[in-house]
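If you want the building blocks of each chain, they are given just below.
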Amino acid sequence: MTENNERKPNRSKKKKKKKKISIIKILILIILLTTFIVGGVLFGWVFAMIKSTDPVDFSKMYTLLDENSFIYDSEGKIIEKVESEGLRTIVKYNQIPENLKNAFIAIEDQDFMTHNGINPKRIVKALWEDLKAGSAVQGASTINQQLVKNLYLSNEKTIERKVKEAYYAIQMNQKLTKNEILEAYLNTVYMGSGANGVQGAAYTYFSKDVSELDLAECALLAGIVKNPSKYSPLKTLKKEDVDPNKHFIIDDSDEIYTIVFDERYKPRQQLVLKIMKNENKITDEKYNQALNEDLKTHLKPGKKQIYGISSFFSDKVKSDVLEALMQQLDQTEEEASNMLYNKGLRIYSTIDLNIQKTLEAAYEDSKNFPSIKARKDSAGNILAKKNNTVLLYKYTNLINTSEQLVIPKVDYQYDQEGNLILFKGKRLNFTPLYEDGIMKAIQLSVNDAYKQNEQKEILMFKGRSVKIPSEYKRYDDNKNVVVSKEFFTAKPQFFSKDANNNLLIAKEDYSISSKGVVQPQSAMVIMDQHTGDIKALVGGREVSGQKLYNRAIAPRQPGSSIKPLAVYTPALDNGWTEGSIVDDVPHYDNKGRSWPRNWDRKFRGLSTLREGLQWSMNVMSVKIAEQIGVQTSIDYLKKMGITTIKESGAYSDMNLSAMALGGMTQGISPLEMAGAYGALANEGVYIKPKSFIKVTDRDGNVILENESYKNLVVSPEVAFIVTDMMKTVVSSGTAHRAKLSNPNIPVAGKTGTTSDNYDAWFVGYTPYYVGAVWIGNDLQIELDGKAGTKKLELWKKVMEEIHKDLPTKNFIKPKNVISVQIDTESGKLPTDLSRRDPRGTIASRYFVKGTEPKTYDDVHIELEVDTSTNKLATPYCPPTLIEKRVFTKRPVPYVPANNGGIVPGDYIYEAPTEYCPDHNEFTNAPIDIPTDPFLDNNNDEFPPVDTEFPPVNPE
């Protein structure tokens, strides 16, 4: 029994042991099954994801890197390769220093030469480090993976992206050599400060070619990649935050900010060098030498270089694409810019290369442009028209033969403390710089200067900064600039003096543009009014090189070219007709002054709206605008796409001068002017000018469709009649020189000249294209007398060429427009008296059906006159001297004596109001008793003789 009792515990222990083993086996089995199931699902998910991944042709990678984005013309031909503003330049593998290649491999991917695209060992290590830290602290991406992400994938942090990244990285390793992969990586990696690739970085930080980098510089650049904002050797501070005892100043040329040396890069650079030494890529000697190298003096921040040539048109295209990317794809400016310059976009523009070349050829010929009418002082400096202010200094008066800036002794003085006082309004400009409404600095800049070239054209040189640090400058009570005496201690060599006690500033301490810009300047836009497509655009007379200022999109005062848009179109759309009559006689402003004057200093009298536009009558334009209202004019301009109207403030466009005569605060750009006239050319429908049609990605997928914005401005009938009125301007009015030699292609348009002759315009259109030309100066300098002719000849020269092979085409006349004969003095149906006017005042005019006149001419009247005095006949005038004649009688009487003796051109046809003084009771017996010629043939008697005809003085 005791033995049995002993066996029972043993059996129980064995049963428990077996049971425990079974549970463990089951758990292991479950874990294995779960692992296989999860692994299978995971494998299937990864496999499915890889299978759905788009194939990539790595052989085209270099094309993508080299070409970036492209702009095509309207026929699909490449017109420009869009590069990232000079900060990415592709360099070949053998141009990159070995030290730079080794530095990047050392810090970014030590196993680069041996792994298959991904590095499992590094992934596990990174995962372990992340787990220990409780967050992502170490990256595991190889150079292959980084390159794949830069070229083909987004920056989103998802498992799907990481799987695709790993897959592409392995594929890349199979298709390309290690050298090809490393070259592509070094050309695409972001290096901070806007630099993409090692060549851009070499220029950005050291102003040198990548091949010129030494070991210490290579290690610094390689260390930047992980965190460009942290490991950059450059830091930008506000001037008030700069401590000269603490900071090493790299660049102090800006008025508000200073670039200083930032030592935070150093541990990362040292790590790069250490790994390179441990990997036997550099010797101990080179390691120590690079470690101890002082890079502060090497740092020379470079400006953004521009590689290649960018035209005015392609600049406009890039600007419009950036705006569309931000608006339609909801991208930030930085994201849109990166997409434009780095993502291989295909931009299909509206440009017609043949038309653009025609336009640029015209702009290269200086004979197509007027000269300026410069008023000069005795020293040859160009003065403002209205005062003696110097607008442009003669270059040799400003800069001496040693290229020193000269400040005459009369332009400065020293105060009692030894501070230098520079007088305002002289050769230096003083500009206060504000931040958050507080003045932070004063910018000193050189005044603009000019030279004359061999063709006697004026070349303007733009004055730029004088490099005196802000802490040494302040205003005095008279707004002169005071340079403190401490500056002379800090920079004793900055100023020197010549024998005449003039101050001299060396070339390196001031700046003025090295290339002169020819004056006057000009811009022209050609647009297809039916689509809004900009076919050609030139923003200045310099048509090669980088364009800094596109005058085609810059507003200038339009002068009379605004009249069809802001006056005549609104009038015809609001009850007026082209036959409506306005009396072109002196008009007075609210202060009783005669205003405005007509451009030819004449007054024509009773005139139709067609005549008013034909001869650009300022008085008529003002009178119409008064009646329709300034706000109406503004509303129509807005409907035509004009965005530069100022409606509030001390200086606004809420006045007749701006709306009726074009004296706007800002003005209108040639591009917007072309779009506005295009509305009239396109049967009353405004289409916003556009520079591109669509944008695709590198694979041809459309990402932007530039659908035209359209707006109905007026009916086709009104648009046609205004167009026909402007045809008269060209056929027999102020723009007759713009008429094309092909009579089968009509031209409608309007000239414009500002009152001071600073701006000259012609905007005209055919049934094919609208073209807007502006000529003027970058400063307010008067154009010479040829400007009015040159603008028309330039327009004709360009448009003649682009229309030479086009078939006959006319503006479409709507069915609802009818032609009716009217009397042009009354605007009404003609009578027999109308037909007897020797001027031939009967003409056929267009009307929208229902608006044609229904009543008859009541301005022409018939009177009996004494032919010997040309005055009204009396009962005493001999019958042989009496003649019936046709005159005009104004609805509103005009008396020259009440208007300074001004006699309008039609006044000779005005009915006389005085009776013949030569025949009376002493010379003739009365013949008959006439009725008052100005009354409606009633029975009023002729005035008593002794009242109207006093006896002749017996003396």
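These notes cover the structure that comes with them. (Residues numbered from 1 in each chain as written. Predicted model: local features only at pLDDT ≥ 70, side-chain atom pairs only at ≥ 80, totals over all residues. Heavy atoms only, no water.)

## Things to note about the environment of V321
- Checked against the element boundaries, V321 lands in helix α13 (residues 312-328).
- Accessibility expressed as a relative area gives 0% for V321, which makes it buried.
- Remark: the alpha-carbon pair of V321 and N706, spanning 385 residues in sequence, is separated by 9.3 Å.
- Dropping the residues within four chain positions of it, V321 is found in contact with L340, I347, F692, V695 and L704. (Helix = DSSP H or I, 4+ residues; strand = E, 2+ residues; numbered from the N terminus. Buried < 20%, exposed > 50% of the residue type's maximum accessible area, 1.4 Å probe, protein only. Contact = heavy atoms within 4.5 Å.)

## Notes on helix α9 (residues 215-224)
- Of all 10 residues in α9, 10 are buried; the element is thus mostly enclosed.
- Along α9, the positions that sit buried rather than exposed are L215, A216, E217, C218, A219, L220, L221, A222, G223 and I224.

## Structural notes on the packing of helix α15 (residues 353-364) against helix α25 (residues 787-803)
- It is at 10 Å that the axes of α15 and α25 come closest, and there the two elements cross at 150°. Classified by the angle their axes make, α15 and α25 are roughly antiparallel. Classified by chirality, the crossing of α25 by α15 is right-handed. Between α15 and α25, the contacting residues are I355, T358, L359, A362 and Y363 on the first element and L794, V798, E801 and I802 on the second.
- Partitioned by chemical class, the residues of the contact of α15 with α25 number 7 nonpolar, 1 polar and 1 charged. (Axes fitted to C-alpha atoms, helices over the stretch in contact; angles between N-to-C directions. Parallel < 35°, antiparallel > 145°, perpendicular 65-115°, else oblique. Left-handed = near helix turned anticlockwise from the far one by under 90°. Nonpolar A, V, L, I, M, F, W, Y, C, P; charged D, E, K, R; others polar.)

## What about the pattern of salt bridges?
- For the structure on display, the rule yields 43 salt bridges.
- The residue E98 makes a salt bridge to K101 at a minimum N-O spacing of 2.9 Å. Residue E98 and its partner K101 are located together in helix α3 (residues 98-108), separated by 3 residues, close to a single helical turn.
- One salt bridge connects R885 with E883, and the closest N-O pair in it is separated by 2.8 Å. (Salt bridge = Lys/Arg side-chain N within 4 Å of Asp/Glu carboxyl O.)

## What about the environment of K791?
- With respect to the helices, strands and loops of the structure, K791 is situated in helix α25.
- Each C-alpha atom, one on K791 and one on V773, is 6.7 Å from the other, the two residues being 18 residues apart in sequence.
- With sequence-adjacent residues up to four places away left out, K791 is seen in contact with T751, G752, T753, A760, W761, F762, V773 and I775.
- In terms of polar contacts, K791 uses its side chain to reach the backbone carbonyl oxygen of G752, at 3.2 Å.
- Within the local environment of K791, its side chain forms a polar contact with the backbone oxygen of W761, the two atoms lying 3.3 Å apart. (Polar contact = N/O pair within 3.5 Å; in protein donor to acceptor, adjacent residues only side chain to side chain.)

## What to know about the packing of aromatic side chains
- Inspection of every chain in the model, using the stated rule, returns 19 aromatic pairs.
- Relative to F811, the ring of Y765 lies with its centre 5.6 Å away and its plane at 85°, an arrangement referred to as edge-to-face. Here F811 lies in the loop between α25 and β35 (817-823) and Y765 lies in strand β33 (residues 759-765), a separation of 46 residues in the sequence.
- Aromatic pair Y894 and Y907: ring centres 6.2 Å apart, planes at 80°, arrangement edge-to-face. On the criterion of sequence distance, the pair formed by Y894 in the loop between β39 (882-888) and α27 (945-948) and Y907 in the loop between β39 and α27 is long-range, its members being 13 residues apart. (Phe/Tyr/Trp six-rings, centres within 6.5 Å; stacked < 30°, edge-to-face > 60°.)

## Description of the pairing of strand β2 (residues 78-82)
- The pairing of strand β1 (residues 69-72) with β2 spans 4 bridges and is classified as antiparallel. Paired with I71 across the strands is E80, a residue of β2.
- Counted between consecutive antiparallel strands, the loop separating β1 from β2 contains 5 residues, among which G76 sits at a positive phi close to 85°. (Pairing = 2+ DSSP bridges.)

## Comments concerning a nonpolar patch on the surface
- Together, I23, L27 and I31 line one region of the surface with nonpolar side chains, adding up to about 290 Å² of accessible area.
- Looking at where I31 falls in the secondary structure, it is placed in helix α1 (residues 2-52). (Patch = residues over 30% accessible without salt bridge, like charges linked within 9 Å, V, L, I, M, F, W, Y side chains within 5 Å. Areas by Shrake-Rupley, 256 points an atom, 1.4 Å probe, with all protein chains shown as cover.)

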